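Next come the chains, spelled out residue by residue.
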Amino acid sequence: LKAVLPAVKGWGGFALAYEPLWAIGTGNTASAQQAQDVHDHIRKFVSNTVSAEVGAALRICYGGSVKPKNSAELISQKDIDGFLVGGASLKSETFLPIIASVVSK
């Protein structure tokens, strides 16, 4: 992240997505608290590296096996602004509940 931030020219439409390395392709999801802790760390890093305004406005999405059963708890976290949805986006019966949890935030 540190190497990429200087290359960003416009922060208005910029978003970051975080997925734990151990979650990729495993179906495992971080706990809501684990995800919040990492998102908080990312937001603080950007605030200290770029500016407090950019850090506060930055959209940080979680992308580690988001499913209908965990999306409401994940999105309720202060620093999780959205999701990067993989396999659950392939079927409306799993994707629509995830969308509903974000819309209700």
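All figures in this text were calculated on a predicted structure; none of them were measured in a lab.

Engineer: What is the right way to look at the overall build of the protein in this model?
Structural biologist: A count of helices and strands for the protein gives four helices and three strands. Helices and strands appear in the protein in the N-to-C order β-α-α-β-α-β-α. For 105 residues, the compact-globule estimate of 2.2 N^0.38 gives 13 Å, and the protein sits close to it at 14 Å. Dimensions along the principal axes, computed over C-alpha positions, put the protein at roughly 40 × 30 × 25 Å. Nonlocal contacts in the protein, meaning residues at least 24 apart in sequence, comprise 58% of its contacts between residues at least 6 apart. The average position of the 10 basic charges and that of the 8 acidic charges among the side chains of the protein differ by 3 Å.

Engineer: Explain the packing of helix α3 (residues 68-75) against helix α4 (residues 92-103) to me, please; I cannot follow it from the model alone.
Structural biologist: Pairs of packed helices are described in terms of their axes, by the angle between the two and the distance that separates them. For the pair α3 and α4, the least separation of the axes is 9 Å and the interaxial angle reads 15 degrees. Here α3 is positioned roughly parallel relative to α4, judged by the angle of their axes. Crossing geometry of α3 relative to α4 is assigned as right-handed. Residues Pro68, Ser71, Ala72 and Ile75 of α3 form the contact with α4, whose own contacting residues are Thr94, Pro97, Ile98, Ser101 and Val102. Broken down by class, the residue content of the contact of α3 with α4 amounts to six nonpolar, three polar and no charged.

Engineer: Even after reading the chapter, I still don't get the sheet that holds strand β3 (residues 82-83), so can you show me in this structure?
Structural biologist: Within a beta sheet, neighbouring strands are joined by backbone hydrogen bonds and run either parallel or antiparallel to one another. Here three strands make up an open sheet; going across it, the order is β1-β2-β3 and the pairing parallel. Where the open sheet ends on each side, the last strands, each with one partner, are β1 (15-18) and β3. Judged from the four bridges that link them, β1 and strand β2 (residues 59-62) form a sheet pairing that is parallel. Looking across to β2, one finds that Tyr18 is bridged to Tyr62. Strand contacts of helix α1 (residues 32-49): β1 and β2, with the helix running at about 155 degrees to β2, the strand carrying the most contacts.

Engineer: Whenever I open this one, the packing of aromatic side chains confuses me. Can you help?
Structural biologist: For any pair of aromatic rings, geometry is given as the distance between the ring centres together with the angle between the planes. In the structure shown here, the tally under the stated rule is two aromatic pairs. Between Trp11 and Phe14, the aromatic rings sit 4.9 Å apart at their centres with planes inclined by 70 degrees, giving edge-to-face as the arrangement. Its relative accessible area of 21% is what places Trp11 among the partly exposed residues. Their ring planes at 50 degrees and their centres at 6.3 Å tell us that Tyr18 and Tyr62 sit as a pair that is tilted.

Engineer: Sorry if this is basic, but what is going on with α3 here?
Structural biologist: Each α-helix winds once per 3.6 residues, and so residues spaced three or four apart point in a common direction. For α3, the set of buried residues is Asn70, Ser71, Leu74 and Ile75. Each buried residue of α3 lies within a common arc of 125 degrees when the element is viewed along its axis, so the set occupies one face. Of the residues in α3, the exposed ones pointing more than 90 degrees away from the buried face are Lys69 and Glu73. Residues of α3 that are buried make contact with α1, β2, β3 and α4.

Rules and cut-offs
- Residues numbered from 1 in each chain as written.
- Predicted model: local features only at pLDDT ≥ 70, side-chain atom pairs only at ≥ 80, totals over all residues.
- Heavy atoms only, no water.
- Helix = DSSP H or I, 4+ residues; strand = E, 2+ residues; numbered from the N terminus.
- Rg over C-alpha atoms; globule rule 2.2 N^0.38 Å.
- Contact = heavy atoms within 4.5 Å.
- Lys, Arg positive; Asp, Glu negative; His and termini not counted.
- Charge placed at Lys NZ, Arg CZ, Asp CG, Glu CD.
- Axes fitted to C-alpha atoms, helices over the stretch in contact; angles between N-to-C directions.
- Parallel < 35°, antiparallel > 145°, perpendicular 65-115°, else oblique.
- Left-handed = near helix turned anticlockwise from the far one by under 90°.
- Nonpolar A, V, L, I, M, F, W, Y, C, P; charged D, E, K, R; others polar.
- Pairing = 2+ DSSP bridges.
- Phe/Tyr/Trp six-rings, centres within 6.5 Å; stacked < 30°, edge-to-face > 60°.
- Buried < 20%, exposed > 50% of the residue type's maximum accessible area, 1.4 Å probe, protein only.
- Arc of directions from axis to C-beta.

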